[in-house]
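These are the residues of each chain, in order.
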Amino acid sequence: MNAAAPQPKENMGAPAPRYDARLKVTGEARYSADVPMTNPAFAFLVTSSIAKGKLVSLDLAEARTVPGVIDILTQDDASVLHGGKFGQDAATSIDQLGPEIAHDGQIIALVLADSYEAAREAAYKVHANYAPAPASATFGSDGLKVEDATKVSARHRELPHKGDAEAALAAADVVIDAEYGTPTQHHNPLELFSTTCVWEGDKLTIYEPSQFVYGLKNGVAQRLGIDADNIRVVSHFVGGAFGSRGSMTPRTALIALAARKLNRPVKLVPTRDQGFTIATYRAETHHRVRLGARRDGKMVGYSHEGWEVSSRPDAYVVAGVKESAHLYGFGDVATKVNIVRADRNTPGFMRSPPVVPYIFALESAVDELAIKLAMDPVELRRVNDTMVDGVTGKRWSSRSLMKCYDQAAEAFGWKQRDSRPGSMRDGDWLIGWGCATAVYPTHVGAATARVRLRSDGTVRVQTAAHEIGNGVYTVLAQLAAERLGVPLASVTVEVGDTNVPPAPVAGGSNTTASTCSVVLKACDAIRDKLFRVASTANEGPLAGHFITEIDLRDGRLVTLHDAKSEPMADVFKRAGVSAIEEYAEFVPPGVKPEAVADLYKGRSTQTGGPEGEYIMYALGAEFVEVRVHALTREIRVPRIVGAFAGGRLMNTRTARSQFVGGMVWGISSALHEATEIDRERARYINDNFADYLVPVNADIQQLEVILVPEHDDIVNPAGVKGIGELANVGTAAAVANAVYHATGIRVRELPIRLEKLLA
Ligand code: MOS
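Residues numbered from 1 in each chain as written. Predicted model: local features only at pLDDT ≥ 70, side-chain atom pairs only at ≥ 80, totals over all residues. Heavy atoms only, no water.

With that settled, consider the pattern of salt bridges. Close approach of charged atoms lets side chains of opposite charge pair. Scanning the model with the defined rule gives 53 salt bridges in all. Between R420 and D418 there is a salt bridge; the shortest N-O distance is 2.4 Å. When its relative accessible area of 25% is taken as the criterion, D418 is described as partly exposed. Note that E582 is salt-bridged to K529, the shortest N-O span being 2.6 Å. With E582 in strand β26 (residues 579-586) and K529 in helix α15 (residues 511-536), this pair connects stretches of sequence that are 53 residues apart. Connected via shared salt-bridge partners are R483, D524, R527, D551 and R553. (Salt bridge = Lys/Arg side-chain N within 4 Å of Asp/Glu carboxyl O. Buried < 20%, exposed > 50% of the residue type's maximum accessible area, 1.4 Å probe, protein only. Helix = DSSP H or I, 4+ residues; strand = E, 2+ residues; numbered from the N terminus.)

With that settled, consider the sheet that holds strand β23 (residues 550-553). The three strands are arranged β23-β24-β25 in an open sheet whose pairing can be described as antiparallel. Looking at which strands have only one partner, the edges of the open sheet turn out to be β23 and β25 (565-567). Taking each pair of neighbouring strands and ignoring which way they run, the sheet shows an average axis angle of 25°. Sheet analysis places strand β24 (residues 556-559) next to β25, joined by three bridges and oriented antiparallel. In the sheet register, R556 faces β25, and the bridge partner there is P567. Packing against the sheet, α15 makes contact with β23, β24 and β25, and its axis sits at approximately 115° to β23. (Pairing = 2+ DSSP bridges. Axes fitted to C-alpha atoms, helices over the stretch in contact; angles between N-to-C directions. Contact = heavy atoms within 4.5 Å.)

When pLDDT is averaged across the chain, the result is 96; 99% of the residues are at 70 or more. Low confidence marks residues 1-7, where pLDDT is under 50. Its contacts with residues over four positions away, or in another chain, come to three contacts. (pLDDT = per-residue confidence, 0-100.)

On to the side chain of E323. Along the chain, E323 falls in helix α10 (residues 321-324). K322 provides the closest opposite charge to the buried, unpaired E323, separated from it by 6.6 Å. Only 2.6 Å separates the side chain of E323 from the side chain of Y617, close enough to count as a polar contact. Contact partners of E323, with chain neighbours within four places excluded, come to P354, V355, P441, P610 and Y617. (Lys, Arg positive; Asp, Glu negative; His and termini not counted. Polar contact = N/O pair within 3.5 Å; in protein donor to acceptor, adjacent residues only side chain to side chain.)

What follows is the structure, encoded as structure tokens:
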């Protein structure tokens, strides 16, 4: 092989444009609610206006008079549905339409009409009579119930712990002891939480944006009490997900039920504000972090206690100490996590769910420690960098944290920083520079795929992965094109459909690692078959060659050493077949073999982070400049530099986009986003795009992404570390650290808004 040969632009790693980019900007991409239907009925949800109590009665008379109304489903109709199983398929167990009301915005009825407008008008004419009870909204409310997460959450029975952290903290030269908080946030994907259901006989097709089509299929089957083989879920494009579409929500079985009752397709497109309560959100958290160190900066003790707001019945908890406890060589470690039960809808996964809140707390505390030690925050991290995890004693598979720091610091100009708070000023603007670590566990899950190579050189890849912005159409096509020696345009990728073999839930940033590993396996099986035909033939240019000496390039089988070749089509002819198809199953080390059968049943198993033989994480370093106006306290982020190491990058363009999007999200978390709740009524206040703040173009100025090369063949066969949830971790802490540097004010509760700087 000629190492100097230029890399084709389409190969693995090359910045091929996203397959779906053009489709999306031209409106050609067909989202779930866009799928054409013959004679659909339209559904509109009626939701509770109290957060707790009983639904005494529903007066439907006025609603029924609206022209076009077909039917109104209430709790009696829905009582035939089985309850969803929280912790398995379902995002919540609060899925009946009453009489118990467990949170604001709970679905209490479903209006069906010939038009969307009629359904919506009638829904507003449904009159509900309630017997309300006092509701607990959030931290500080009456009636909360606090429980130890290890006692109530099966996923979090064990939390990291090492030695005697109390004693280590007591003996430390310097100790930080501080409390931090992060607010409720909602995903607000642009595509609303739509569902369309169509029955043909006893076969049900569900069109819904999903991060796990097999999970939804099996979950809805369980709720309807029917065989999962009778359900197909289709989700070809997803207009934003971020975790909000990973588990089944109550609406889907309800729409299936309505479509069966009407014997007609039923389409639901809920409103933006309904999305705040019929799906999940990022839970509000509180933290107490203690960090102890010697004078030279070496950490000796880390104690982290977290509190996470959850719903009454469901123990949703992220317990991010499971990730934070491995980030540095901390010495002794103690962790604890509490579930705080309130009268809320059940929270759920939202981009980097465990690390976003916990790393904000930890990385703020690390900065506070650096200040107390009068040490550069980068150097403090260097002193505590480690290839061997202090808690488990396991080695890291690869760890490029300080490379990320060094490259980002250099690009940022960190050396010019005057560490004294308020010392860097440009007219009326106080300048602050801060940095923090981004970290995300490397996950990989069991996956299956079918790949077909035809004699004309076209390829079809099938795996029920999910295009949620991860670029899966594109990277799978690149991988297959390279392994099978065909142009990118010859590859068709089919994802997001339970008619093709299952892939894992698109959560935990595992998609690229898992699906590339299994597609690689299927492609290699095809190569093997083709090479055997060519090499065992009695005649032909490749007869008698070892198959290990053959490669596929540009539609030809080529030998690596003596430059012989034969067109792929001739080898197919020789074999007497027009296509070779291979089905492959991939089970990562440490995952049980039944994981594949489980996948078909809608259970996705993945491993990684601290769980395997090695500690596996993607890492990054982010440097932020903030400007705080000396008089108005307006806060701007004129520039941010992030350097990231995520193993092998399958496509540098999609990777860069993920990092850019992540840092924008991080700025959003730092300065803008928070869902406000009415403390009296436990109802969300700013459930719309006018009041729920996200950054606009003017809020985002210079963003620089540095891709730090990293080779890691331990993590998975593809060498890929997930990066989709890396870059929005650490940004908020970097901003908070920069705000401190600018003003001398330490903001420990996100978001950082100007009123918090009016000291
Ligand atoms: Mo991501 S929140 O793990 O879908």
